[in-house]
Amino acid sequence: MGSVAGHGAATAAVVLVSWLCAAAVGVGAIGANWGTQTSHPLPPDTVVRMLKDNGFQKVKLFDAEDATMNALKKSGLEVMVGIPNDMLWTMATSMKAAQKWVDTNVSSYFNDGVSIRYVAVGNEPFLETYNGSFLQTTYPAIKNIQSALIKAGLGNQVKVTCPLNADVYTSPSTKPSDGDFRTDIHDLMIAIVKLLSDNGGAFTVNIYPFISLYIDPNFPVDYAFFEGASSPIVDGSITYTNMFDANYDTLIWALKKNGFGNLPVIVGEIGWPTDGDRNANAQMAQRFNQGFMTHIASGRGTPMRPGPVDAYLFSLIDEDEKSIQPGNFERHWGIFTYDGLPKYQLNLGTANSGGLMRAKGVKYLEKKWCVLKPSVSLNDPKIADNVGYACSMADCTSLGYKTSCGMLDVRGNISYAFNNYYQKNDQDDVACGFQNLATTTGQDPSTGTCRFGIMIEVDSAFSWRLQGLGSNFLLMLLLVLLQLCLSFS
């Protein structure tokens, strides 16, 4: 009996340790997408510190900006560096260009202490909205970058991947077991998957329950989160109560049917926006992201792929320069605001799980705002054009039905537009003119959920101002410099 009891205790200990390890890996694997399409980016060193303060262990980039990569040196953060879609043709048609890109953006940083683990070739290149623009270049670009990594002696340390939208696979019945790759790109997908498999790469997929709800108002809200017991999908002996598991397993089935059932899968993007749509707010974002973190914290995985889930939250910080063609919510995916403030509390399940920590050392401009003059009549014919101009040059996506500033009256809406333009132009006095309709104030006009921001100080402020001056000014500047050069020759 003693030996049996001892064996039982040992077994229990092994099980416990295994569970703890699985949980640690499942949670510890959480990363963040760090996008930089913003007029006033936080300093890269500040962002890296914020990532580490909050327990993130890896970061996914969409390019290879020098300042970003330098800040990641010896940070201990695992890095997925990206090649934008507009570079796919060059990478696909020139092996020399692929080698140069790897030498410049992978080898040099890798040797200097940046822990590059993946190169993401393209970003959702097969989106149906692209109308096939990248169908011919994505596979050869992946192949050339893979060859360049091998030639650089990094084939074992750095792997290729290609972040793909979940629309590359489908299930006609909505059951995961009926999943397969889209018929129009089926052969292409198999070729890419084989290339990834042969070289130890991973399949990266972006999964967005929010988009399903955005497109279809009748989509079951509880199923979009992790509370879908009232509207499950039954697939044989498996019952799916949330969209993430069902979508993820549809991909696993597609891989399995085509002979690649063991290919590693990375969730490249998953998240929920906080503004710009009636279903985008801090409460729903917190509910989804915390639900996701809690869901993967156990390390159980999904029915078809048990084990830790490798994922990157989308995204780290709001980006005010992103295209709003998909929707106004595009500029509001961050779990942090543009200046590094947590939008809501989120337990990432990491060592630093006491809640999100704000960015440290952020410097702001003066505490002043640009608002509509109280004396200006709302019937003034100049208002419409000036508001239209402000919103076209700045960001008014927080204005509208059921947005964070949806409760503002007409004067409040005008002031919000004016202030956003004013702050984006670094509080330049000229930027609060608007044909004498506006004035500055030291009294914060923020109210409720509507924040009238103050811009941060950044090194790139000068470059933003130059951009606003337009190409004619730049041409004149070049001509003056040329004239000076000639005068000294």
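None of the values given here were measured: they were computed from a predicted structure. (Residues numbered from 1 in each chain as written. Predicted model: local features only at pLDDT ≥ 70, side-chain atom pairs only at ≥ 80, totals over all residues. Heavy atoms only, no water.)

## What to know about the overall build of the chain
Argument step 1. Scanning the chain for helices and strands turns up 15 helices and 17 strands.
Argument step 2. Counting across all 489 residues of the chain, residues that qualify as buried make up 52%.
Argument step 3. For the chain, the accessible surface area stands at approximately 22,400 Å², while carbon and sulfur atoms represent 56% of it. (Helix = DSSP H or I, 4+ residues; strand = E, 2+ residues; numbered from the N terminus. Buried < 20%, exposed > 50% of the residue type's maximum accessible area, 1.4 Å probe, protein only. Areas by Shrake-Rupley, 256 points an atom, 1.4 Å probe, with all protein chains shown as cover.)

## Looking at the sheet that holds strand 5 (residues 159-161)
The strands that make up a sheet are held in pairs by hydrogen bonds between backbone atoms, and each pair lies either parallel or antiparallel.
Argument step 1. Strands sit in the order 5-4-3-2-1-15-12-9-6 across an open sheet of nine strands; the sheet is parallel. Strand pairing shows two members of the sheet lacking a second neighbour, strand 5 and strand 6 (164-165), which therefore form its edges.
Argument step 2. Across two bridges, the pairing between strand 1 (residues 31-34) and strand 15 (residues 310-313) is parallel. Directly across from Ala32, in strand 15, lies its bridge partner Leu313.
Argument step 3. Against the sheet, helix 5 (residues 95-111) touches strand 3 (78-83) and strand 4 (115-121), its axis set at about 160 degrees to strand 4. (Pairing = 2+ DSSP bridges. Contact = heavy atoms within 4.5 Å. Axes fitted to C-alpha atoms, helices over the stretch in contact; angles between N-to-C directions.)

## Points about unusual backbone geometry
Argument step 1. With an omega of -5 degrees, the peptide bond running from Phe314 to Ser315 counts as cis.
Argument step 2. With respect to the helices, strands and loops of the structure, Ser315 is situated in the loop between strand 15 and strand 16 (369-372).
Argument step 3. The phi angle at Gln427 is positive, at roughly 60 degrees, despite the residue not being glycine.
Argument step 4. Owing to a relative accessible area of 7%, Gln427 belongs among the buried residues under this scheme.
Argument step 5. Phi is positive for Gln435, which is not a glycine, with a value near 55 degrees.
Argument step 6. One can find Gln435 in the loop between helix 13 (410-424) and strand 17 (438-441).
Argument step 7. A relative accessible area of 52% places Gln435 in the exposed class.

## So, the pattern of salt bridges
Argument step 1. Under the defined criterion, the tally for this structure stands at 16 salt bridges.
Argument step 2. Residue Glu321 is joined to Lys424 by a salt bridge in which the shortest nitrogen-to-oxygen separation is 2.6 Å. Of this pair, Glu321 sits in the loop between strand 15 and strand 16 while Lys424 sits in helix 13, and the two are 103 residues apart along the sequence.
Argument step 3. Residue classification places Glu321 among the partly exposed residues on the basis of a relative accessible area of 30%.
Argument step 4. Through salt bridges with shared partners, a single network forms among Arg49, Asp53 and Lys360. (Salt bridge = Lys/Arg side-chain N within 4 Å of Asp/Glu carboxyl O.)

## With respect to the pairing of strand 3
Argument step 1. Counting buried positions along strand 3 gives five out of six residues, so the element sits mostly inside the fold.
Argument step 2. Alignment of strand 2 (residues 58-61) against strand 3, held across three bridges, turns out to be parallel. When the sheet's bridge partners are listed, Lys60 is paired in strand 3 with Met80.
Argument step 3. Where the polypeptide runs from strand 2 across helix 3 (residues 66-71) and back to strand 3, its parallel neighbour, the crossover connection is right-handed.
Argument step 4. The sheet contact formed by strand 3 and strand 4 spans six bridges and is parallel. If you follow Val79 over to strand 4, its bridge partner there is Ile116. (Right-handed = clockwise from strand over helix to strand, strands pointing away.)

## Here's the deal with the environment of Arg451
Argument step 1. Inspection of the secondary structure assignment puts Arg451 in the loop between strand 17 and helix 14 (461-469).
Argument step 2. Looking at Arg451, the relative accessible area reads 34%, which means it is partly exposed.
Argument step 3. A C-alpha to C-alpha distance of 8.1 Å links Arg451 and Ser404, two positions 47 residues apart in sequence.
Argument step 4. Ignoring anything within four residues of it in the chain, the contact list for Arg451 reads Thr337, Tyr338, Asp339, Leu341, Tyr364, Cys405, Tyr416 and Ser446.
Argument step 5. Side-chain polar atoms of Arg451 contact the side chain of Asp339, separated by 2.5 Å. (Polar contact = N/O pair within 3.5 Å; in protein donor to acceptor, adjacent residues only side chain to side chain.)

## A look at the packing of aromatic side chains
How two aromatic rings sit relative to each other is set out by the distance from centre to centre and by the angle between their planes.
Argument step 1. All chains considered together, the criterion is met by 24 aromatic pairs.
Argument step 2. Considering the side-chain rings of Phe225 and Phe288, the 6.2 Å spacing of their centres and the 65 degrees angle between planes classify their relative orientation as edge-to-face. A residue pair is termed long-range when its members are at least 10 positions apart, and Phe225 in the loop between helix 9 (221-224) and strand 10 (233-235) and Phe288 in helix 11 (residues 282-297) qualify at 63 residues.
Argument step 3. Under the relative-accessibility criterion, Phe225 is labelled buried at 0%.
Argument step 4. Above the face of the Tyr118 ring, Arg117 is positioned so that its terminal group lies 4.9 Å from the ring centre.
Argument step 5. Here Arg287 stacks its cationic end above the ring of Phe225, 4.0 Å away from the centre of that ring. (Phe/Tyr/Trp six-rings, centres within 6.5 Å; stacked < 30°, edge-to-face > 60°. Lys NZ or Arg CZ within 6 Å of the ring centre and 35° of its normal.)

## Things to note about helix 10 (residues 243-257)
Argument step 1. Relative to the 21 Å expected for 15 residues at 1.5 Å per residue, helix 10 spans 21 Å between its end C-alpha atoms, a close match to the ideal helical length.
Argument step 2. Residue Asn242 occupies the N-cap position of helix 10, its side-chain oxygen lying 3.1 Å from the main-chain nitrogen of Phe244.
Argument step 3. Gly259 sits one or two residues past helix 10 and shows a positive phi near 90 degrees. (Expected span 1.5 Å × (residues − 1).)

## Remarks on the state of the cysteines
Argument step 1. Inspection of every chain in the model, using the stated rule, returns three disulfides.
Argument step 2. Disulfide partner of Cys370: Cys432, at an S-S distance of 2.1 Å. Taking the torsion about the sulfur-sulfur bond, which here is approximately 90 degrees, the covalent link between Cys370 and Cys432 counts as right-handed. One end of the pair, Cys370, is in strand 16; the other, Cys432, is in the loop between helix 13 and strand 17, and 62 residues separate them in sequence.
Argument step 3. Residue classification places Cys370 among the buried positions, given a relative accessible area of 0%. (Disulfide = S-S within 2.5 Å.)

Read these as spatial facts, not as claims about activity.
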